[in-house]
Every structure is written in structure tokens, then in C-alpha cells.
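As a plain string of letters, each chain reads:
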Amino acid sequence: MNSVASYFKRAVMYDSNSKRKTDIDKALTEMVAKDVQPYNIVENEGFVQYTHVLDPRYKLPSKTHLRDVLMHNYFTETSAKLSAILVNVSNIAVTCDLWTSSANASFLTVTGHFVYNYELKTASLATKKLLSTTNHCSQNIADTLRDIFIEWNILEKTVCIVTDNASSMLKACDLLHIRNLPCFAHTINLVVQDALKVDDPVLQALFTKCKSIVRFFKQSTISNEKLKLAQEGSEYTLLQETPTRWNSFYFMIERIIKMNDAIAKVLLSTTNAPQPFTAEEILMLKDIEKVLAFFQQASEKISGGKYVTISLIIPMTYGLFRKIESVVPLLQTLQGKTLNKILMESIKQRLSVYEQRTVCRMATLLDPRFKKSGFQHSSNAEQAATCFENELAASNQPVAPDSSLQDTLLDFLGERSMNNSVNSRVDAILTKRQYLERAIVGQDIDPLLWMKVNQTDFPAIGSLFAKYLCIPATSVESERTFSKAGEIISERRTRLKEKNVNILLFLNRNSWLK
């Protein structure tokens, strides 16, 4: 039997100011943010009962208290931490993207990327509606971004904005007088889309047939079950293409090739089913898969968020072109070679221009894994080295003496200042030479960690590493944020206010600040 003392212990609730209740409230708040749970979870009968079993003395807060007090305090605390970090950050790059929620409301998501203690950090800065909700023009986007930058005090620190290739986004960056970098992953998508739109009736008929067969199995549960049984041990499922993502097309044909024997077996034994793939069609699909595999590999590598990616753009473009060129002898069909040729031309047109962008040049040169060796054209490497030298000289430039100083006995100070300017250029040339002559390091080396280890040898280069290597190669991080938003603005809570959307996404994506 339970003692009377234990009964009273269970019956008395924690005081609202007790440490135990404060700790549980905080854990509840963090759980809601991390798992994007709705605020009314504290009213769900099952959750209430579960919490009571865990600790009968703890009383769950109301939905209103959780939203307006606990979550607001957590947001304020986390925002203060991020603000304190950004004060000590000299350069920051941002990504931004527009998206529409399931409630048909448009939001702009902005993420920040910076180097802090020789580590690459990513933070969600804001998810807000545009200042004017009636249009998505470039001026409206620019004004909204400016407000967000001013709020975080980073307007003068923002070195680059990474966006998709939409003209409104590019124009918004021009209005802000901030350098823009088109998302490399989005540009890769455009390259592949160029090829998939090829004016070849045989290929277009093949693409249509792939989609039709996948749709047939998706719409027929009986045929889909037969397909599982026909695989004899494996249980792959067919994947349908999503028009907005080229790699979904790659995954679709990759899966079709793996399952072709089972697909043919089911289709041949089913009435009113599409015709199975012929041997020639499978050869074409294998050629297409062989070529697109390189683009999938590049997309995965360039879209990482926890390591430096901006310096990969130039060497990866060159490597991608070489791979596409070298695979030609391995292609078995005319259609495969046609697709391959279009991809090579599109790489030259859309991707090679990145080698002419200052941020990409500087990042590649500054990365100890590449330096000049990462460039396709030596002229671009030389221009990058010149830019590198100029920035080093500018960072070493001495402060001019007070012009109000009139005493002619001290004129020599101005002369020495001029001599120092010459010396800063000499120092820049020597530092550049010393850095570029140092041996290239392995591909598994983190360039920021390399800089941390070698900061005593190259003290003047550290600020350039922080300025250029913080820039992400893609706007994928902002896309990941609004993908998470899809879980927040769901059918269960389509009327969530803009302020609460921002708070939940901010806390969810910035959990590292804890």
C-alpha cells in the first residue's frame, strides 16, 4: 500500500516558480520547436495522460501560455544569443527564397552564413511576408530584405546574396547594391532541363512511356502488389518524376532499370497494361542514367550545409565537363550521345560563366585544396591572383595622418606614410607568393581548419577566408527551411499567424545556438 506521505507528494503540484517546473516547461518548449508540434498538443488527451504518468506533480501550461509566454521567451533568449554572435562577425552571406504555404500565403525566408571561431555556421534569420503582400516585384523584395538586415544589424556586413535565377531576385540584389550569386544547384537543374527538352521524338516518346508505366503501377494497387512479388526478395517501388526537380527524373529511370525484369513480367501478364520496355529502350535509359549520374553527384556535393561549398563551384564545373566528355565512348545509343552533346553545350553556356565571377574565383584560390589548379582557364586563375593581391594590399593599407597637422617640422610623417603604402603592396605580393607556393592539401581537409592551423604563417589571409568561404554555393538552406515550414503550416494549423511561423522556424533551424 502507498503511504499517506507519498499520496500527498503526488497530490501537490509544483509551484509555478519552482526549478523543476521551469525545467520541464523549457523542455516542453524545445520539444514543440524541434519536432514542429502544434501548440494545442498540451490539450491533447493522450499527451496530457502521458505527461501525468511521467510526473503527476507537473501541470501542463495552457496553449496560450505556451505560445505567448514560454515560446516567446525562448525566442527572445535565442535571438539574443545570435545577435551577440553576429556583433563579432565581420562578413555574412545570406540566402533567400519565396514560397507559398498550404494556406496560400507567401513568405520570404532568409538564412545567414558566416565563419565563427573557424567554423562555418548557418542561422535562420527570418521568415516573413513581404512588406506589400499584393506583389512580388524586385523593389518589394529589396525593401523586405533591407528591413531584415537592419533588424539584425548586418546590412553593411552582407557580402553576397545567393538566390535562384529569378529576375526579380537578381534585380532586388542590384537595388540593395549587394553582390548576387545565382544558386549553383538551380543552374545545374537548368542545364539538365535543357537536355530533357531535347527535340528528339524517340527520346520524348521514351520519357512519356516511363511516366506512363510508373503512373500505371501507382494507380493500380493489384499491379503494384504483383510487382513486389515479381522482384523475388527485393521490394523496390517505382518513383514518379516531379517536374520542379530534375533529379526526380534521374531517380525514376534509375529505379526503372533496377526493376525492369519485374516490370516486364507484370505488364506482360496484365490485360490493358502499357507495353514493357524494349531492349533498345533500356539501352537508351542506361545511357541517360550514366550521364545524369554525374549531375546527381555534383548536386549532392554542392548542396551540403556544414562545409565550405563556394570554392567547389569552379573545379566541379571543370570536372563535370571532363566527365561528360569522357563518357562518350561508353554510350551505346545515338540518343544517349545526342543528350550528352546537349549537356556539354549547356555546361559551357550556363556553368562556365561562374569561373568569371569574383566570389567564385577568390573562394577557389583561397581554398588550399585547389588554389590555381582548380581553374579550367589559366587566365581566370591569374585574374583571381591579382584580385587576391589587391585585397591583401587594401587590408594592409595604413591610416593616413591627420591632414590638419600643419607643422612643417613633421612633414616627414606624410612621406613615411607614402612609403608604408608601397610596403603594403610589397607585403601583399610576398604573402600571395608564399601562399600560392605552399603545396596543395588533400581533398579531405577542411579549409577553415587549415586556416586555423596556419594562421601564424598567414595572418593577413584569415579575414579573406571569412569573407569569401562563408558564401554558400546554393540557396538550398532557405529551401530546407521552407520545407520544414510545410510541417508547421499544415492542415492542422493553416491559420497560424506570421509572427508564430517565424518564431517556430527560427527556433527549429537554430537549435545549434542552444
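Here, every reference points to the structure presented above.
Note that the coordinates shown come from a computational prediction; the quantities given were computed from them, not determined experimentally.

## Observations concerning the side chain of Thr-333
- Mapped onto the fold, Thr-333 is located in the loop between α12 (313–326) and α13 (334–351).
- Only 3.0 Å separates the side chain of Thr-333 from the backbone nitrogen of Gly-336, close enough to count as a polar contact.
- Each residue touching Thr-333, except ones within four places of it in the same chain, is listed here: Glu-280, Leu-283, Met-284 and Asp-287.

## Things to note about the sheet that holds strand β4 (residues 158–163)
- One open sheet holds the five strands; their spatial order is β3-β2-β1-β4-β5, and the pairing between them is mixed. If you trace the sheet from one side to the other, it starts and ends with β3 (119–128) and β5 (180–182), each paired once. Within this sheet the neighbouring strands show an average axis-to-axis angle of 25°, counted without direction.
- In this sheet, strand β2 (residues 106–116) lies alongside strand β1 (residues 92–100) in antiparallel orientation, the contact comprising eight bridges.

## Remarks on the packing of aromatic side chains
- Going through the model one piece at a time under the given rule, you end up with 13 aromatic pairs.
- Every member of this aromatic cluster is reached through a ring pair, and the members are Phe-388, Tyr-435, Trp-450, Phe-458 and Phe-465.
- Cation over ring: Lys-301 sits above Tyr-307, and NZ or CZ is 5.2 Å from the ring centre.
- It is Arg-322 that lies over the ring of Tyr-318; its NZ or CZ is 5.6 Å from the centre.

## Quick look at the pattern of salt bridges
- Applying the stated criterion to the full structure yields 20 salt bridges.
- A salt bridge links Asp-23 to Lys-19, with the nearest nitrogen and oxygen atoms 2.8 Å apart. Here Lys-19 and Asp-23 lie together in helix α2 (residues 19–34), a separation of four residues that amounts to about one turn.
- Given a relative accessible area of 36%, Asp-23 falls into the partly exposed group.

## Re the nonpolar core
- Core analysis: the largest hydrophobic core is formed by 99 residues, its most contacted members being Leu-181, Phe-295 and Ile-471.
- For Ile-471, the contacting residues outside a window of four places in its chain are Ala-93, Val-159, Cys-160, Val-162, Leu-181, Thr-309, Ile-310 and Val-359.
- Listed in part, the 54 residues of the second largest apolar core include Ile-41, Ile-154, Leu-176 and Leu-507.

## Some words on the pairing of β3
- By the criterion of burial, β3 is predominantly enclosed, with eight of the 10 residues buried.
- Pairing analysis gives nine bridges linking β2 to β3, with the strands arranged antiparallel. Bridge pairing in β3 places Thr-111 opposite Ser-124.
- Connecting the antiparallel pair β2 and β3 is a turn made up of two residues, with Asn-117 showing a positive phi of about 55°.

## As for empty space enclosed by the protein
- Counted according to the given criterion, the structure contains one cavity of 30 Å³ or more.
- Considering only enclosed or pocket space, the largest cavity measures out at about 110 Å³ in volume.
- For the lining of the largest cavity, the secondary structure elements donating two or more residues are β3 and α19 (476–488).
- A per-class count over the lining of the largest cavity returns eight nonpolar, seven polar and two charged.

## Examining the environment of Leu-190
- Mapped onto the elements of the fold, Leu-190 is located in helix α7 (residues 184–196).
- Taking the C-alpha atoms as reference, Leu-190 lies 9.9 Å from Leu-351; in sequence the two are 161 residues apart.
- Sequence-distant contacts of Leu-190, that is, excluding residues within four places in its chain, are made with Asn-165 and Arg-350.

## What to know about the side chain of Asn-500
- Tracing the backbone through its elements, the reader meets Asn-500 in helix α20 (residues 498–509).
- By relative accessible area, Asn-500 is classed as buried at 6%.

## Side note on the environment of Arg-179
- For Arg-179, the position within the fold is in the loop between α6 (167–176) and β5.
- Residue classification places Arg-179 among the partly exposed residues on the basis of a relative accessible area of 39%.
- Sequence separation of Arg-179 and Thr-358 is 179 residues, and the distance between their C-alpha atoms is 9.8 Å.
- Setting aside its immediate chain neighbours within four residues, Arg-179 contacts Val-159, Cys-160, Ile-161, Val-359 and Tyr-468.

## Quick word on the packing of helix α11 (residues 279–302) against α13
- Close contact between α11 and α13 brings their axes to 8 Å; oriented N to C, the two are set at 20°. As the angle between them shows, α11 and α13 are arranged roughly parallel. Here α11 and α13 pass one another in a crossing that is right-handed. For the pair α11 and α13, the contacting residues are Met-284, Asp-287, Ile-288, Val-291, Leu-292 and Phe-295 in the first and Gln-335, Gly-336, Leu-339, Asn-340, Leu-343 and Ile-347 in the second.
- Across the contact of α11 with α13, the residue classes tally to eight nonpolar, three polar and one charged.

Criteria and thresholds
- Residues numbered from 1 in each chain as written.
- Predicted model: local features only at pLDDT ≥ 70, side-chain atom pairs only at ≥ 80, totals over all residues.
- Heavy atoms only, no water.
- Helix = DSSP H or I, 4+ residues; strand = E, 2+ residues; numbered from the N terminus.
- Polar contact = N/O pair within 3.5 Å; in protein donor to acceptor, adjacent residues only side chain to side chain.
- Contact = heavy atoms within 4.5 Å.
- Pairing = 2+ DSSP bridges.
- Axes fitted to C-alpha atoms, helices over the stretch in contact; angles between N-to-C directions.
- Phe/Tyr/Trp six-rings, centres within 6.5 Å; stacked < 30°, edge-to-face > 60°.
- Lys NZ or Arg CZ within 6 Å of the ring centre and 35° of its normal.
- Salt bridge = Lys/Arg side-chain N within 4 Å of Asp/Glu carboxyl O.
- Buried < 20%, exposed > 50% of the residue type's maximum accessible area, 1.4 Å probe, protein only.
- Core = buried A, V, L, I, M, F, W, Y, C linked by side-chain atoms within 4.5 Å.
- 1 Å grid on protein atoms, 1.4 Å probe; cavity = no way out; pocket = protein on both sides within 12 Å on 5 of 7 lines; lining within 4 Å.
- Points joined across faces, edges and corners; volume = space filled by probe spheres on them.
- Nonpolar A, V, L, I, M, F, W, Y, C, P; charged D, E, K, R; others polar.
- Parallel < 35°, antiparallel > 145°, perpendicular 65-115°, else oblique.
- Left-handed = near helix turned anticlockwise from the far one by under 90°.

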